[in-house]
Protein chains: 2
Amino acid sequence: MALLKVSENVEDQAIAAKHAARKVSLLTAEEKNEALLRIADALEAEFVSILNANAKDLDAGRQQGFEPAFMDRLALSKERITDFAAGLRQVAKLEDPSGRIVSSWTLDNCLQVEKITVPLGVIGMIYEARPNVTVDAAGLALKSGNSIVLKGGSSALHSNQAIVDVMHRALEETKIPQEAVQFVFSTDREATQKLFTMKEHIDVLIPRGGASLIQAVVNNATVPVLETGVGNCHLYIDKDADPAKAMYILVNAKTDRPAVCNAAETVLIHKGWLASNYSLLNDTLREHNISVHGDEAAVKLIPKAIPAGEEDWKNEYLSLDIAVKIVHDMEEAITHIDRYGTKHSEAIITENKENAEHFMKLVDASALYHNASTRFTDGNALGFGAEIGISTQKLHARGPMGLPALTTVKFKMRGNGQVR
Amino acid sequence: MALLKVSENVEDQAIAAKHAARKVSLLTAEEKNEALLRIADALEAEFVSILNANAKDLDAGRQQGFEPAFMDRLALSKERITDFAAGLRQVAKLEDPSGRIVSSWTLDNCLQVEKITVPLGVIGMIYEARPNVTVDAAGLALKSGNSIVLKGGSSALHSNQAIVDVMHRALEETKIPQEAVQFVFSTDREATQKLFTMKEHIDVLIPRGGASLIQAVVNNATVPVLETGVGNCHLYIDKDADPAKAMYILVNAKTDRPAVCNAAETVLIHKGWLASNYSLLNDTLREHNISVHGDEAAVKLIPKAIPAGEEDWKNEYLSLDIAVKIVHDMEEAITHIDRYGTKHSEAIITENKENAEHFMKLVDASALYHNASTRFTDGNALGFGAEIGISTQKLHARGPMGLPALTTVKFKMRGNGQVR
């Protein structure tokens, strides 16, 4: 089997990806789907080679004393690899986002105008430990007609390389050139810096990971960036909140998966609601081992609460900690969110529909919830089928980004000698 | 009349714009339209004050010895001001791009999902001499529910200030707060630098002007940028081009308005076509005073052509100069465009439909033309009604940007206690 020769040079890889992108952009949906299904089959068939490589990363991780949560994200199993394959088969079933005629019209002079979706070109993916991103991102990029340059975290280097090797072997028998999936094997910072600035070869960078990774990309890249993920999400429990609903949603938003970006980090509680539901709140927090960082009023009312400072309002705890602030009215809650929120997901719990609509209209965020958990801000949960990340920016795409976020448009004008 | 107090501090202006943006975002289309019509009336009624201010700018320009073309862009007249007003009345008639439900669906758990367009917030407009941008950009920003911070060129300072004064007086009697239109009076670079970095107050920067202005914004801004306008546009005259059509389009694309971004800068000519149409080409170029910078083959065939270097292929002449390259086939033309094009507007002239479709599919640009002039890449020409600029980037918006480019989306989720 002729494996793709790994280039030592990131620029060469980006150029190869650009050439491959043109070829991928010309393929039919069927040809791209066929390739995804081949990759899915190959991942399942060759899971042993992936697990062997993963064992190396896990050994290294143990020696470096990584935290259990980190090791858990890094660890692969036959079942997880089967999930990767299932994800690809799911993406193969989704509608091709490219080649869709957005609109078309004819000018008075008979010039025909067609606005059509086309792939972005080359996607640069910069991510941390999770090896599933390698498969997910490649699948979404190829399905939408792009090529991809993958730069994963060094802790998952062997796992990612093994996965990409399997993908390359599978692509050999398909219409998608192997060069459409580039894996940056280098772990040095120079390679990453280079990725940040190759505007002529890379069309967009998508960072996936913690706040510091994302900020490094946003602040240093001249290639356009799709900013993803940091979520300092708030729940506002309004005066007219149903107590049971409020606690049910609070527990889910905080404890279901505390380490993800759509978990709640601060709860803003109307003082009128708290006056009647003080015991219920305390029982709920205690029962679910939620540690409270409270403002002055909250510290007085909640046992074991420790005083919250400016940093707490800004913090994405990603743990069972939560910041609690007692507010006098909804406006105070909205002002707080406006100041400290990351425009990701914000929820209001209330039986007052007018308040709910006002909150959802005024708060500037990608996802606004009335009486539901912030945890739904997720491509799968919302039925997109798969997501490349959750955009916290306003341009191009906002909120969970599915396949259409990996396309742009072209205007095609067909004439017969028209001039202005 | 209580005029808006001009703040000396750009950050204060941006904060005021942000507060005003929230108010504008809550207005109905009727309330916004009413404000635009008031401004239109006021501009016509108070044209004398604007012309007086413009006279100061023109005097200063004459003393500084600006070129006639520059002075022409700067000069206002009663008629031009009437055109500004007409433009605003046109924008008032366009559909409100915000508050449009893009899609909505209900999850199996009965959570209702609604994806709805909302204004971007605060638009930062950085532009050069043309005072019409002051009116056009403010009109489009307000109509789409945004506020705007205007930073025009120093050569038009008095004209712009007078226009903004008129707008502020007109807004006094409307639902749009005066603070929604901020004009940066300062001409120092510090004020511009500050605009580049106020991510917390400004949602997007739109530069309008020459390549150096646009690159300064793209390279220095941390606020997201909608890159506009630099157009190194090509005409490819294919082997099967109709000679008359080719010359008609060439003349229009090059000479109709040479100083605009959608004018043609390079013509790539198939050698087979040239062999039979050599005299026609030379007659056409001579008759229209087009100066040729040619590659080796072109210099031999075209009288008075001067040799073209690497810089010519990159150059946006914005004059009656044109670069000419003789190509052996369409692939060579596509490769040339891929290397030197700015992804703005690219045209193929041919009677071969297959070649035309191949060209429009493979060339990576916002607008592709078959047998028509590149001059149609323009919001008005394409029937958008008005444009805020022509995007040469791939993210968010591509090509001529109308009102929808000034909006983003929000997901609103309405539930009854749903958790994951």
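The rules behind each value
- Residues numbered from 1 in each chain as written.
- Chains lettered and ligands numbered in written order.
- Predicted model: local features only at pLDDT ≥ 70, side-chain atom pairs only at ≥ 80, totals over all residues.
- Heavy atoms only, no water.
- 1 Å grid on protein atoms, 1.4 Å probe; cavity = no way out; pocket = protein on both sides within 12 Å on 5 of 7 lines; lining within 4 Å.
- Points joined across faces, edges and corners; volume = space filled by probe spheres on them.
- Helix = DSSP H or I, 4+ residues; strand = E, 2+ residues; numbered from the N terminus.
- Nonpolar A, V, L, I, M, F, W, Y, C, P; charged D, E, K, R; others polar.
- Expected span 1.5 Å × (residues − 1).
- Contact = heavy atoms within 4.5 Å.
- Pairing = 2+ DSSP bridges.
- Axes fitted to C-alpha atoms, helices over the stretch in contact; angles between N-to-C directions.
- Buried area = accessible area lost by both parts, 1.4 Å probe.
- Salt bridge = Lys/Arg side-chain N within 4 Å of Asp/Glu carboxyl O.
- Least-squares fit on C-alpha atoms with pLDDT ≥ 70 in both.
- Domains from an automatic or database assignment.
- Buried < 20%, exposed > 50% of the residue type's maximum accessible area, 1.4 Å probe, protein only.

Caption draft 1: Quick peek at empty space enclosed by the protein. Following the criterion strictly, the structure yields 2 cavities of 30 Å³ or more and no others. When its volume is computed, the largest cavity comes out at roughly 70 Å³. Forming the walls of the largest cavity are A:I334, A:I337, A:D338, A:G341, A:K343, A:E346, A:L362, A:V363, A:D364 and B:R22. Ranked by residue count, the leading element in the lining of the largest cavity is helix α14 (residues 330-340) of chain A, at 3 residues. The residue makeup of the lining of the largest cavity, split by class, is 4 nonpolar, 1 polar and 5 charged.

Caption draft 2: Spotlight on helix α3 (residues 47-63) of chain A. Residue and element names in this part refer to chain A. The end-to-end C-alpha distance of α3, which contains 17 residues, comes to 24 Å, matching closely the 24 Å that a straight helix rising 1.5 Å per residue would cover. Looking at the buried positions of α3, the neighbouring elements they touch are α2 (29-45), α4 (68-74), α5 (78-93) and α7 (157-171). Once α3 ends, the next one or two residues include G65, with phi positive near 65°.

Caption draft 3: Region of interest: the environment of A:E46. Residues and elements named next belong to chain A. Following the sequence through the fold, E46 ends up in the loop between α2 and α3. A sequence separation of 371 residues divides E46 from G417, and the C-alpha atoms of the two residues are 57 Å apart. Ignoring sequence-local partners within four residues, the contact set of E46 consists of V166 and R169.

Caption draft 4: Broad picture of the sheet that holds strand β6 (residues 204-208) of chain B. Residue and element names in this part refer to chain B. One open sheet accounts for 4 strands, arranged β5-β4-β3-β6; its pairing is parallel. At either margin of the open sheet sits one strand with a lone partner, and together these are β5 (181-183) and β6. In this sheet, neighbouring strand axes are inclined to one another by 20° on average, regardless of whether the strands run parallel or antiparallel. Bridge count between strand β4 (residues 147-151) and β5: 3 bridges; the pairing is parallel. By the bridge assignment for β5, I148 is matched with V181. Relative to β4, helix α1 (residues 10-25) is tilted by about 155°, and along the sheet it contacts β3 (122-127), β4 and β5. This element, helix α7 (residues 157-171), spans β3, β4 and β5 of the sheet and lies at about 155° to β5.

Caption draft 5: Focus on the interface of chain A and chain B. Contact with chain A, which involves 67 residues of that partner, is made by 67 residues of chain B. Buried surface at the junction of chain A and chain B, summed over both partners, amounts to about 6000 Å²; 55% is from carbon and sulfur atoms. In this structure, the connection of chain A to chain B is made through 9 salt bridges. In this structure, A:E357 engages B:R414 in a salt bridge whose closest nitrogen and oxygen atoms are separated by 2.7 Å.

Caption draft 6: Representation of the relation of the copies chain A and chain B within the structure. Screw-axis analysis of chain A against chain B gives a translation of 0.0 Å along the axis, an RMSD of 0.0 Å, and a rotation angle of 180°. Such a combination of turn and shift is consistent with a two-fold rotation axis. Relative to the rotation axis, the C-alpha of A:H396 is the closest in chain A, positioned 1.6 Å from it. Interface overlap between copies: 100% of the residues of chain A at the interface are likewise at the interface in chain B, consistent with a symmetric, same-surface contact.

Caption draft 7: Quick peek at the sheet that holds strand β16 (residues 407-418) of chain B. Spatially, 10 strands are ordered β10(A)-β9(A)-β11(A)-β8(A)-β7(A)-β12(A)-β13(A)-β16(B)-β2(B)-β1(B) in an open sheet, and the strand pairing comes out mixed. Strand pairing shows two members of the sheet lacking a second neighbour, β10 (306-307) of chain A together with β1 (101-106) of chain B, which therefore form its edges. As defined by bridge partners, strand β9 (residues 291-294) of chain A adjoins β10(A) across 2 bridges and the pair is classed as parallel. By the bridge assignment, A:G294 is partnered in β10(A) with A:P307. Strands in contact with helix α15 (residues 353-362) of chain A are β7 (233-237), β12 (345-349) and β13 (367-372) of chain A together with β16 of chain B; relative to β16(B), the strand with the most contacts, it is inclined by about 150°.

Caption draft 8: Here's a closer look at the domain arrangement of chain A. Domain annotation of chain A identifies domain 1 (10-227 + 395-414) and domain 2 (233-376). Summarising the inter-unit geometry, the C-alpha centres of domain 1 of chain A and domain 2 of chain A are found 35 Å apart.

Caption draft 9: Structural detail: the pairing of strand β2 (residues 112-119) of chain A. Residues and elements named next belong to chain A. The element β2 is largely enclosed, with a buried count of 6 among its 8 residues. Here strand β1 (residues 101-106) pairs with β2 via 5 bridges, running antiparallel. Counterpart to I101 in the pairing with β2 is I116. Hairpin connection from β1 to β2: 5 residues lie between these consecutive antiparallel strands, with C110 at a positive phi of about 75°. Strand direction decides the pairing type here: β2 and strand β16 (residues 407-418), joined by 8 bridges, are antiparallel. Bridge assignment links V118 to a residue of β16, and that residue is T408.

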